[in-house]
Structures are given as structure tokens and as C-alpha cells.
Amino acid sequence: LGIIGWWKLSKNYHFLGKAVDKQSVDYCRRWVDKSQRDYCIGEVAIEKKDASLCLEVQGTWKITCLIEVAREKKDETICNTIESEKERDICRTGVALVKKDKNICENIAGADEKERCFRRVAEEMEKRISQSPITATILHRPEKSASFL
């Protein structure tokens, strides 16, 4: 990258920072490069938790955006807008993990992803139980000393 290349890159990161900070895609739309513009719009959509902005983006960025917004909003219905069954299933697994809700796993079409969803949600539930203050107190209760007997 020459000086002009670095200047353009720096300018784009400036727009990205402003777009995310102000939660406005107007800065993103100034980018000439479609891939960078889509990335910027996707980042704003995730920050705003606005799935409708994800629909302006194409390809991988669109799918990533929808999956992340669904997780952030804990909203499985956003996953339904993803055309690919495999990626829709991945989205549902993400929402199930965030909500720690194994019932969402039931809506997954692919057998492997469904099994993965149930397993990962169970692992998250175990972590939550083992990290709860009540469980910690019970598991780490000091032994009674002889003076208390």
C-alpha cells in the first residue's frame, strides 16, 4: 500500500468508527468498495440491533449480520430470514445459547446442528448452575472446625 492506499484505508476506518458511534449507516454509504460498505452497514446493524439494516447487505456479511442481531436481541424469528437451512440452524443455535433455552434446538432441521445445539445449551446450563452464588456457597462451604463441635 502506498500513501494513497493508507490514506483511503484510514479514511474508511474513520467512517466506520463514526458510523458505529453514531449508529448511522450514512457514513457507510460513502464507501466505494461494496464489501467494505456492507461490512460497515452490518456493524451498525449489529450495534443498533436492527435486522432490517442487515437486509441491505449482500452475501456473507448479510448472514453474519442477521445471526449476530438475532443473538443480540435473543430473537429466533430473525433466523427465519436466512435462506440457507444450515446457516438458519447455526443462527438458532446461537439464540438458544444466549437464551439458554433448549426448546429452540427443537426447531433446528439438521441432525448434527440440532445435537450440537442441545449439547452446547446443556453445557451453558451446567456453567450457570456451577457459577451461581448458592451453588458456590454449598460447594465451597468451609469444614467445621473441632472448636465448633
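So, here is what we can say about the structure in this document. Here, residues in each chain are numbered from 1, in the same order as that chain's written sequence. For a predicted model such as this one, the threshold for reporting local features is a pLDDT of at least 70, and the threshold for listing and counting side-chain atom pairs is 80 or more; totals across whole chains, interfaces and linings nevertheless cover every residue. Here the side-chain values reflect all heavy atoms present in the structure, with hydrogen atoms and water set aside.

The end-to-end C-alpha separation of helix α2 (residues 34–48) is 21 Å, in line with the 21 Å expected for 15 residues at 1.5 Å each. A 1.4 Å probe rolled over the protein chains alone gives each residue an accessible area, and that area as a share of the maximum for its type sets the label: buried under 20%, exposed over 50%, partly exposed in between. Helix and strand assignments come from DSSP, with helices taken as H or I runs of at least 4 residues and strands as E runs of at least 2, each series counted from the N terminus. Among the residues of α2, R37, D38, C40, I41, G42, V44, A45 and I46 are the ones counted as buried. Here a polar contact is taken to be a pair of N or O atoms separated by no more than 3.5 Å, where protein atoms must pair a possible hydrogen donor with a possible acceptor and residues adjacent in sequence count only if both atoms sit in side chains. At the N-terminal end of α2, a side-chain oxygen is found 3.2 Å from the backbone nitrogen of S35, two or three residues along, and the residue is D33. In the segment just after α2, K49 is the residue with positive phi, at about 60°. Here a helix's expected span is defined as the number of its residues, less one, multiplied by 1.5 Å.

To continue, consider the pattern of salt bridges. Here, a salt bridge means any Lys or Arg side-chain nitrogen found within 4 Å of an Asp or Glu carboxyl oxygen. Counted by the stated rule, this structure contains seven salt bridges. E76 serves as the salt-bridge partner of R92, at 3.3 Å between the closest nitrogen and oxygen. With R92 in helix α5 (residues 85–99) and E76 in the loop between α4 (59–73) and α5, this residue pair connects regions lying 16 residues apart in the sequence. Each of the two residues, R92 as well as E76, counts as buried. With a shortest N-O distance of 3.1 Å, K127 and E124 are connected by a salt bridge. Taken as a pair, K127 and E124 lie in helix α6 (residues 111–130) at a separation of three residues, close to a single helical turn. According to the relative accessible area criterion, K127 is partly exposed, its value standing at 42%. Salt bridges sharing partners connect three or more residues here, namely D26, R29 and E56.

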